[in-house]
Amino acid sequence: MLRNVMQIGRNVSNRCKQFMGLSQHMSTPSDTQLTEGEQYILRVLKEKFPEATEIQVSDVSGGCGAMYQVAVESEIFRGKRTIQQHRLVTQALSSEIKEMHGIQIKTKAPDQK
C-alpha cells in the first residue's frame, strides 16, 4: 500500500512539474474562466448539492490539479457539525479525491459565518 501511495505522489508531482510553467490560476465565479479540472469538480458538486446557494472551486496547485480548495454553502449543512459537513463534500468527491494530493474544504449553511 505504501508503494501505491508513493507512486501516486510521484505521479502528482510529475504532473505539477509539467504545468508549473503556467501562471497561477485563481478561479472566478465565471465557469468559462475555470480550468478543466475546476469545471469538472464544480459540475460534480452542483450535481451532488443542487440546493447549494454558492459553490467555489479553485486549483491551488498552479493549475496541475493536484490540490483544490472548495467552498460550498448549502442548507443541507444547517445543524451539522463541521466534520459532518466536510464528510458530505468528501463523499461527493470520493472518486476525484483519489487523484488529488490534497483538498481544502470550507462549508457553511446560508446566513452562517
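Residues numbered from 1 in each chain as written. Predicted model: local features only at pLDDT ≥ 70, side-chain atom pairs only at ≥ 80, totals over all residues. Heavy atoms only, no water.

Keep this limit in mind: UniProt positions are given in the numbering used here, feature names are shortened, and annotations may be inferred rather than shown by experiment.
The name recorded for the protein in an unreviewed UniProt entry is BolA-like protein 3, from Patella caerulea. UniProt's Sequence similarities (unreviewed entry) comment on the protein is quoted here verbatim: "Belongs to the BolA/IbaG family."

**Considering helix α2 (residues 36–48)**
Stated formally: By definition, any uninterrupted DSSP run of H or I lasting at least four residues is a helix, any uninterrupted run of E lasting at least two residues is a strand, and each is numbered from the N terminus. What a helix should span is 1.5 Å times the count of its residues minus one. Only protein chains enter the accessibility calculation, which uses a 1.4 Å probe; a residue whose area is less than 20% of its type maximum is buried, one above 50% is exposed, and one in between is partly exposed. The arc in question is the one traced by the directions running from the helix axis out to the C-beta atoms. In what follows, a contact means two residues having at least one pair of non-hydrogen atoms within 4.5 Å.
Between its first and last C-alpha atoms α2 spans 19 Å; for 13 residues at 1.5 Å apiece the expected length is 18 Å, and the two agree. Among all positions of α2, only Glu 38, Ile 41, Leu 42, Val 44 and Leu 45 are buried. An end-on view of α2 places all buried positions within 160 degrees of arc, on one side of the element. With respect to the buried face of α2, the exposed residues turned more than 90 degrees away are Glu 36 and Glu 47. Taken together, the buried residues of α2 touch β1 (54–59), β2 (67–73), α3 (82–92) and α4 (94–97).

**A short note on the sheet that holds strand β3 (residues 102–108)**
What counts, and what does not: Any two strands between which DSSP finds at least two bridges are classified as paired. Lines fitted to C-alpha atoms define the axes here, with helix axes fitted over just the stretch in contact, and angles between the N-to-C directions of these axes take values from 0 to 180 degrees.
The mixed open sheet is built from 3 strands, whose spatial order is β1-β2-β3. Only two strands of the sheet have a single partner each, and these edge strands are β1 and β3. Going across the sheet, the axis of each strand differs from the next one's by a mean of 10 degrees, ignoring polarity. Note that β1 and β2 share 6 bridges and pair antiparallel. Residue pairing for β2: Ile 55 is matched across the bridge by Val 72. Strands β1 and β2 of the sheet are contacted by α2, whose axis makes an angle of about 155 degrees with β1.

**Some remarks on the pairing of β2**
When β2 meets β3, the two strands line up parallel, connected through 7 bridges. Considered in β3, the bridge of Gln 69 is made with Gln 104.

**As for the confidence of the model for the protein**
Our working definition: The score called pLDDT rates the predictor's confidence residue by residue, from a low of 0 to a high of 100.
Per-residue pLDDT for the protein averages 80, and the proportion of residues at 70 or more is 72%. Across residues 1–10 the pLDDT falls below 50, and counting only partners more than four positions away or on other chains, this stretch makes 1 contact in the model. In this model, residues 17–29 is a region of pLDDT below 50 whose contacts with residues beyond four sequence positions or in other chains number 22 contacts.

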